[in-house]
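Structure at a glance
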Amino acid sequence: MVVHLAAQAGVRHSIDHPHAYVDANLEGFVNVLEGCRRNQCRHLIYASSSSVYGANAKLPFSVDDRTDHPVSLYAATKKANELMAHSYSHLYRLPVTGLRFFTIYGPWGRPDMAIFIFAKAIIEGRPIKLFNHGKMRRDFTHIDDVTRVVSRLVDHVPGDDATAAPARVYNVGNRHPEELTHVVALLEKELGRAAIKDMLPMQPGDVTETFADVGDLMRDVGFRPDTSIEDGIRGFVAWYRDHYKV
């Protein structure tokens, strides 16, 4: 079994550093696929992204929606990963499961993600950047819910019938988009400090809202996200204060 969650991540970074995404997300991923093929891997689980939905206006995002209009190179590489995995699944009967993650946050999260950046800036008394003048909604998904999903899916191997490739894709989200301004307010409350807000226009490659339909995941492995944004932010801030001694 292989769980492959590594990648060059981030929408905005991909605009200025395209080759890093080609090297890690395309060449790196084909190396993983080749390793799985040559070692009789029983199941490959890999990270895709909600970014593949691009500027899709239909909500919530369903795995049956079109994903052929990416609005960033990062999104294009994650969609390419899904296509590459499917081709290996078809050619070599390699069971693969792709996970379209929706804005994961929590302890030990990526320092380039919004909640991490906001918490650090608020503590240090620096402005936080709110793009689209703060009118953004994200399906923030806590790491505890994500790890439960991955652990359940390891043994949930896609079937191998006579015609279809043993390949599957799931959304992994919280099913509850949150206003970015609400998340900032929660951080302010837990940190006991007011944020200095720098309202900015929409950034290239970004989208105004994400919202996951996780019906397939609930049906197949009984997944039901149960970490509220209030509990998630409270836990994150507690970890942040302890880890950075602030």
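Refer to the structure above for everything that follows.
Residues numbered from 1 in each chain as written. Predicted model: local features only at pLDDT ≥ 70, side-chain atom pairs only at ≥ 80, totals over all residues. Heavy atoms only, no water.

**Things to note about the pattern of salt bridges**
Per the stated rule, a full pass over the model turns up 21 salt bridges. Between Arg 137 and Glu 179 there is a salt bridge, and its shortest N-O distance comes to 3.4 Å. Of this pair, Arg 137 sits in strand β6 (residues 137-138) while Glu 179 sits in strand β9 (residues 178-179); the two residues are 42 residues apart in sequence, bridging distant segments of the chain. Under the relative-accessibility criterion, Arg 137 is labelled partly exposed at 26%. (Salt bridge = Lys/Arg side-chain N within 4 Å of Asp/Glu carboxyl O. Helix = DSSP H or I, 4+ residues; strand = E, 2+ residues; numbered from the N terminus. Buried < 20%, exposed > 50% of the residue type's maximum accessible area, 1.4 Å probe, protein only.)

**Description of the nonpolar core**
Among the nonpolar cores identified, the biggest contains 25 residues, and Ile 115, Ile 128, Leu 187, Ile 233 and Phe 236 are the most heavily contacted of them. Those elements that provide at least two residues to this core are α4 (114-124), β5 (127-130), α6 (180-191) and α8 (229-244). For this core, the element with the highest residue contribution is α4, accounting for seven residues. Each residue touching Ile 233, except ones within four places of it in the same chain, is listed here: Tyr 105, Ile 115, Val 183, Leu 186, Leu 187 and Glu 190. Core analysis: the second largest hydrophobic core is formed by 19 residues, Val 52, Val 150, Leu 217 and Val 221 among them. (Core = buried A, V, L, I, M, F, W, Y, C linked by side-chain atoms within 4.5 Å. Contact = heavy atoms within 4.5 Å.)

**Description of the sheet that holds strand β8 (residues 167-172)**
As summarised here, the arrangement of the four strands in space is β1-β2-β3-β8, forming an open sheet in which the pairing is parallel. Two strands in the sheet have a free side with no partner beyond their single neighbour: β1 (2-4) and β8. Going from strand to strand, the sheet's axes swing by 20 degrees on average, the running direction of each strand aside. Sheet topology places strand β3 (residues 96-101) next to β8; six bridges connect them, and they run parallel. Paired with Arg 100 across the bridge in β8 is Asn 171. Across the sheet, helix α3 (residues 73-92) lies against β2 (44-49), β3 and β8, angled at about 155 degrees from β2, the strand it touches most. The sheet strands contacting helix α5 (residues 143-153) are β1, β2, β3 and β8, and the helix crosses β3 at an angle near 170 degrees. (Pairing = 2+ DSSP bridges. Axes fitted to C-alpha atoms, helices over the stretch in contact; angles between N-to-C directions.)

**Thoughts on helix α2 (residues 18-38)**
The terminal C-alpha atoms of α2, which comprises 21 residues, lie 29 Å apart, in line with the 30 Å expected from a rise of 1.5 Å per residue. Buried within α2 we find Tyr 21, Asn 25, Phe 29, Val 32, Leu 33, Glu 34 and Cys 36. Buried-residue contacts for α2 involve β1, α1 (11-16), β2 and α3. (Expected span 1.5 Å × (residues − 1).)

**Brief notes about α5**
Considered for burial, the residues of α5 that qualify are Asp 145, Val 146, Val 149, Val 150 and Leu 153. Projected down its long axis, α5 shows its buried positions confined to an angular sector of 135 degrees, all on one face. (Arc of directions from axis to C-beta.)

**A short note on the packing of aromatic side chains**
Scanning the model with the defined rule gives 17 aromatic pairs in all. Here Tyr 240 and Tyr 244 contribute two aromatic rings whose centre-to-centre distance is 4.7 Å and whose plane-to-plane angle is 40 degrees, an arrangement assigned as tilted. One end of the pair, Tyr 240, and the other, Tyr 244, are both in helix α8, four residues apart, so they sit about a helical turn from each other. Here Tyr 240 falls in the buried class, since its relative accessible area comes to 5%. Among the aromatic residues, ring-to-ring pairing joins Trp 108, Phe 116, Phe 236, Trp 239, Tyr 240 and Tyr 244 into one connected group. Directly above the ring of Tyr 92 sits Arg 37, whose terminal nitrogen or CZ lies 4.6 Å from the centroid. (Phe/Tyr/Trp six-rings, centres within 6.5 Å; stacked < 30°, edge-to-face > 60°. Lys NZ or Arg CZ within 6 Å of the ring centre and 35° of its normal.)

**Considerations on the packing of α6 against α8**
Where α6 contacts α8, the two axes come as close as 10 Å, and the packing angle between them is 45 degrees. If you check the angle between α6 and α8, you find them oblique. Where α6 crosses over α8, the two elements pack in a sense that is right-handed. Contact with α6, carried on its side by His 182, Val 183, Leu 186, Leu 187, Glu 190 and Leu 191, involves Ile 229, Glu 230, Ile 233, Arg 234, Val 237 and Arg 241 of α8 and no other residues of that element. Split into classes, the residues belonging to the contact of α6 with α8 amount to seven nonpolar, one polar and four charged. (Parallel < 35°, antiparallel > 145°, perpendicular 65-115°, else oblique. Left-handed = near helix turned anticlockwise from the far one by under 90°. Nonpolar A, V, L, I, M, F, W, Y, C, P; charged D, E, K, R; others polar.)

**Some points on the pairing of β3**
The buried count for β3 comes to six of six residues, which makes it a mostly enclosed element. Every second residue of β3 is oriented toward a common face, with Val 96, Gly 98 and Arg 100 on one face and Thr 97, Leu 99 and Phe 101 on the other, all of them buried. In terms of strand pairing, β2 meets β3 through six bridges, oriented parallel. If you follow Ser 48 over to β3, its bridge partner there is Arg 100. Of the crossover connections in this fold, the one passing from β2 over α3 to the parallel β3 is right-handed. (Right-handed = clockwise from strand over helix to strand, strands pointing away.)

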